[in-house]
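# Chains, contacts and geometry: an overview
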Amino acid sequence: MKITLAVIGKTEAGYVRQGIDDYVKRLQHYVPFGIRYVGDARGSRRMSRQQQCQAEGRALLATLEAGDHVVLLDERGTERTSVDFSQWMQRRMASGTKHLVFVVGGPYGFSPEVYDRAGEMISLSRMTLPHDLVRLVFVEQLYRAMTILRHEPYHHE
């Protein structure tokens, strides 16, 4: 199974990029993983929130393929512990899913069309997190899930 993290815009903070790069490198030992950067909506400063959300949604949907299983990282999604997430990942890998795409939305979330396309939603926290940090927290949790599944000593209960 291939895993992709699709995000709107570039990661701005250098220290966050460095952390993400570290975990992406670690993840390569477990699963094919990559980050897909979808461009910000052009002219977004002149757009309403709804227009920006719609434009980002169209750009995001254009990158997806029919067989992709899409999971939105959304504060209204299902919350899981790290162990629960690792078990969810194991079930997803065993299900025959070929491409699992996790998505971080733009500053105003997702358009209705993106919600419609998603197979499910996962919440990393009920708190609002900066988009750059969501990316870092997610890749760390994905790495943690892989180490849990392999019974490696990264995660402590």
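Here, the structure is the one placed above.
These remarks concern the structure in this document. Since the model is a prediction, treat every value here as computed from it, not as a measurement. (Residues numbered from 1 in each chain as written. Predicted model: local features only at pLDDT ≥ 70, side-chain atom pairs only at ≥ 80, totals over all residues. Heavy atoms only, no water.)

### A few points about the overall build of the protein
Counting secondary structure elements, the protein contains five helices and five strands. Traced from its N-terminal end to its C-terminal end, the protein shows the element sequence β-α-β-α-β-α-β-α-β-α. Projected onto its principal axes, the C-alpha coordinates of the protein cover approximately 50 × 35 × 25 Å. Counting every position in the protein, which comprises 157 residues, the buried fraction comes to 46%. Sequence-distant contacts, at least 24 apart, represent 85% of the contacts inside the protein between residues at least 6 apart. If you sum the accessible surface of the protein, you get close to 8,900 Å²; carbon and sulfur atoms cover 49% of it. Within the protein, the 18 negative side-chain charges are centred at a point lying 4 Å from the centre of the 21 positive side-chain charges. (Helix = DSSP H or I, 4+ residues; strand = E, 2+ residues; numbered from the N terminus. Buried < 20%, exposed > 50% of the residue type's maximum accessible area, 1.4 Å probe, protein only. Contact = heavy atoms within 4.5 Å. Areas by Shrake-Rupley, 256 points an atom, 1.4 Å probe, with all protein chains shown as cover. Lys, Arg positive; Asp, Glu negative; His and termini not counted. Charge placed at Lys NZ, Arg CZ, Asp CG, Glu CD.)

### Observations concerning the sheet that holds strand β5 (residues 120-123)
In sheet architecture, strand pairing relies on hydrogen bonds along the backbone and comes in two forms, parallel and antiparallel. Strand order in the open sheet formed by five strands is β2-β1-β4-β3-β5, with parallel pairing between adjacent strands. In this open sheet, the two edge strands, each paired with only one partner strand, are β2 (33-38) and β5. Strand-to-strand twist of the sheet, defined as the mean angle between neighbouring strand axes without regard to direction, takes the value 35 degrees. Across six bridges, the pairing between strand β1 (residues 2-8) and strand β4 (residues 99-104) is parallel. Among the inter-strand pairings, Leu5 is bridged to a residue of β4, identified as Phe102. (Pairing = 2+ DSSP bridges. Axes fitted to C-alpha atoms, helices over the stretch in contact; angles between N-to-C directions.)

### Some details on helix α5 (residues 131-149)
Between its first and last C-alpha atoms α5 spans 27 Å; for 19 residues at 1.5 Å apiece the expected length is 27 Å, and the two agree. Taken from the residues just after α5, His151 is the one with a positive phi, measuring 55 degrees. (Expected span 1.5 Å × (residues − 1).)

### Some thoughts on a nonpolar patch on the surface
Where nonpolar side chains cluster on the molecular surface, the patch consists of Tyr15, Leu124, Leu133 and Val137 and spans about 350 Å² of accessible area. You can see Leu133 is positioned in helix α5. (Patch = residues over 30% accessible without salt bridge, like charges linked within 9 Å, V, L, I, M, F, W, Y side chains within 5 Å. Salt bridge = Lys/Arg side-chain N within 4 Å of Asp/Glu carboxyl O.)

### What about the nonpolar core?
Ranked by size, the top nonpolar core spans 28 residues in total, and within it Leu5, Phe33, Phe85, Met89, Phe102, Val139 and Leu142 carry the most contacts. Contributing elements (two or more residues each) for this core: β1, α1 (14-27), β3 (69-79), α3 (82-94), β4 and α5. Ranked by residues supplied to this core, first place goes to α5 with eight residues. Among residues more than four places away in sequence, those in contact with Met89 are Met1, Ile3, Leu100, Phe102, Leu142, Ala145 and Met146. Leu64, Val70, Val101 and Ala118 belong to the second-largest nonpolar core, a separate cluster that totals 12 residues. (Core = buried A, V, L, I, M, F, W, Y, C linked by side-chain atoms within 4.5 Å.)

### Notes on the pattern of salt bridges
Summed over the entire model, instances satisfying the criterion amount to six salt bridges. For the salt bridge of Arg26 with Asp22, the shortest nitrogen-to-oxygen distance reads 3.1 Å. Here Arg26 and its partner Asp22 are both found in helix α1, four residues apart, which amounts to about one turn of the helix. When its relative accessible area of 33% is taken as the criterion, Asp22 is described as partly exposed. Note that Arg92 and Glu120 form a salt bridge whose closest N and O atoms lie 3.5 Å from each other. Here the residue Arg92 occupies a position in helix α3, and Glu120 occupies one in strand β5, the gap between them amounting to 28 residues. Exposure class is identical for Arg92 and Glu120. Each is buried.

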